[in-house]
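Each chain is listed here by its residues.
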Amino acid sequence: MKTELFKTDSPLLGVVHLTKAGELIARGETVVFPTETVYGLGANALDESAVKKIFEAKGRPADNPLIVHIADRDDLEKLVTEVPEKAEKLMDAFWPGPLTLIMHKSSGVPEVVTAGLDTVAVRFPSNLIALGLIKSAGVPIAAPSANISGRPSPTKSEHVIEDMMGRVSAIIVSEDTDVGLESTVVDTTTEPPTVLRPGGVTVAELEAVIGRVQVSPNAIENVIPEKAKSPGMKYTHYSPKGDLVIVKGTDAEKVEKINRHIKKHEEMQIGILATDETMGNYHSGIIISLGSRENPEEMSHNLFARLRTFDDLGIEKIYAEDIEVGNDTLALANRLYKAGGYHFI
Ligand code: AMP
Ligand code: MG
């Protein structure tokens, strides 16, 4: 398939290319576009055969449902049967932004989007190009992250070009994404509402608006509920090509463990994912900082790009320092642990 690259670096180009990209979506084609979380791979959410192209392009299992993106709260009417009061409050507080809400689906949403579930995930992004694309297409856009299934999510246009060239009709080339991790997914059909996936909006921020929420144990542990509530939970995710291991313990213990393992694997290209504060502790291997421990947002913004940098350098084994889990680092730890397949030393 020929993939068109749409640049948006001047206002005129932006308008022309958003119009063309919107026409492609309206015609049932796929377009990769930036959002404030990660790049998305979009198609008309109301067109079953268009949505199937997303699953094909990514190699995504058909039982993993998609998020539907809208550019106006009025667009919700077509998608859901009712809006719970707490969902309304969350929308007031966090839309447009990195928050996805699960509600009961209307019959207008094709089953392929929700993987047969009777609920649908909806998000109103804040990225202006994403909003321009949805408006220009004139339909809600179903979009998962624009990576090949299982790979780290794309946060830079180079990443989507690497993964999606030849697999989609067009790629909108834009700036690096802002948050760098996917949206928070909240199921508003349960009482209290359930955080199925931690993300750009933190649990404390949600609770400040609607009171207590429950957090799926899958957010931090390797547990898959009997019947996966969020089917995406059961798949390998975010993995770099090298074998990623998470190193626990005090800073001194981490250094000792990593040095010991490097000695054991002298023949391998080893990477170490550290922080600004700890990268000076290591003296061999390729040492890359995730950012400052003082700045969890910076670390979150960088995670997926750093994992892809290790790939570019041909790193075969990555030792990542464990993250101290708290409100501001829950999403970061969730992604890192899944990327490493919960392999801890
Ligand atoms: P992605 O777009 O690849 O970042 O993944 C979207 C996430 O939302 C996955 O973890 C899905 O399993 C989850 N999701 C989408 N729709 C639903 C739904 N109706 N119920 C529960 N989880 C959902
Ligand atoms: Mg994804």
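Worth saying up front: this structure is predicted, and the values here are computed from it rather than measured.

J.: Please clarify how the pairing of strand 13 (residues 270-274) should be interpreted in this entry.
T.: Two faces belong to every sheet, and in a regular strand the side chains alternate between them. Burial within strand 13 is extensive, with 5 of its 5 residues counted as buried. Relative to strand 15 (residues 317-321), strand 13 runs parallel, the two being bridged by 4 bridges. Of the residues in strand 15, the one forming a bridge with Leu273 is Ala320. Pairing of strand 13 with strand 14 (residues 286-289) involves 4 bridges; the strand directions are parallel. Residue pairing across strands places Leu273 opposite Ile288, the latter belonging to strand 14.

J.: What is the right way to look at the pairing of strand 10 (residues 194-197) in this model?
T.: As paired elements, strand 9 (residues 184-187) and strand 10 share 3 bridges and run antiparallel to each other. Paired with Asp187 across the two strands is Thr194, which belongs to strand 10. Here strand 9 hands over to strand 10 after 6 residues, the two strands then running antiparallel side by side. Of the pairings in the sheet, the one linking strand 10 to strand 11 (residues 214-215) comprises 2 bridges and is parallel in character. Within strand 11, the residue paired with Thr194 across the bridge is Gln214. Taken together, strand 10, helix 7 (residues 203-210) and strand 11 form a β-α-β motif whose crossover is right-handed.

J.: Hey, could you run me through the packing of helix 9 (residues 296-312) against helix 10 (residues 330-339) in this one?
T.: When two helices pack together, their arrangement is given by the angle between their axes and by how far apart the axes lie. Helix 10 packs onto helix 9 with a crossing angle of 15° between their chain directions and a minimal axis gap of 10 Å. By the criterion of interaxial angle, the relationship of helix 9 to helix 10 is roughly parallel. Relative to helix 10, the crossing made by helix 9 is left-handed. Where helix 9 approaches helix 10, its residues Met299, Ser300, Leu303, Phe304 and Leu307 are matched on the opposing element by Leu332, Arg335, Leu336 and Ala339. For the contact of helix 9 with helix 10, the class distribution of residues is 7 nonpolar, 1 polar and 1 charged.

J.: Would you take a moment to explain helix 2 (residues 48-58) for this structure?
T.: Since the α-helix turns once every 3.6 residues, residues separated by three or four places project in the same direction. Within the sequence span of helix 2, burial applies to Ala50, Val51, Ile54, Phe55, Ala57 and Lys58. Take helix 2 and look down its axis: the buried residues cluster within an arc of 170°, on one side only. Looking at the buried residues of helix 2, the elements they touch are strand 3 (40-44), helix 4 (111-114), strand 7 (141-142) and helix 6 (157-164). The distance from a side-chain oxygen at the start of helix 2 to the backbone nitrogen of Ser49 is 3.1 Å, and the residue carrying that oxygen is Asp47. Looking one or two residues past helix 2, Gly59 carries a phi angle of roughly 70°, positive in sign.

J.: So what exactly am I meant to see when it comes to the UniProt feature "binding site: L-threonine" (unreviewed entry) in the protein here?
T.: Per the UniProt entry, the sites bearing "binding site: L-threonine" (unreviewed entry) are Thr37, His69, Arg123, Ala143 and Ser183 in this numbering. For this annotated set, covering 147 residues, all C-alpha atoms fall within 12.5 Å of each other, a compact arrangement in space. Take Thr37: it is sitting in the loop between strand 2 (31-33) and strand 3. In this structure Thr37 comes out as buried when scored by relative accessible area, which is 4%. When neighbours within four sequence positions are excluded, Thr37 is seen to be in contact with Pro98, Arg123, Thr177, Val179, Gly180, Leu181, Glu182 and Ser183. Within the structure, Thr37 has its side chain in polar contact with the side chain of Arg123 (distance 3.4 Å). Within the secondary structure layout, His69 lies in strand 4 (residues 67-69). Accessibility expressed as a relative area gives 4% for His69, which makes it buried.

So, how was this worked out
Residues numbered from 1 in each chain as written. Chains lettered and ligands numbered in written order. Predicted model: local features only at pLDDT ≥ 70, side-chain atom pairs only at ≥ 80, totals over all residues. Heavy atoms only, no water. Buried < 20%, exposed > 50% of the residue type's maximum accessible area, 1.4 Å probe, protein only. Helix = DSSP H or I, 4+ residues; strand = E, 2+ residues; numbered from the N terminus. Pairing = 2+ DSSP bridges. Right-handed = clockwise from strand over helix to strand, strands pointing away. Axes fitted to C-alpha atoms, helices over the stretch in contact; angles between N-to-C directions. Parallel < 35°, antiparallel > 145°, perpendicular 65-115°, else oblique. Left-handed = near helix turned anticlockwise from the far one by under 90°. Contact = heavy atoms within 4.5 Å. Nonpolar A, V, L, I, M, F, W, Y, C, P; charged D, E, K, R; others polar. Arc of directions from axis to C-beta. Polar contact = N/O pair within 3.5 Å; in protein donor to acceptor, adjacent residues only side chain to side chain. UniProt positions renumbered as here; feature names shortened; annotations may be inferred.

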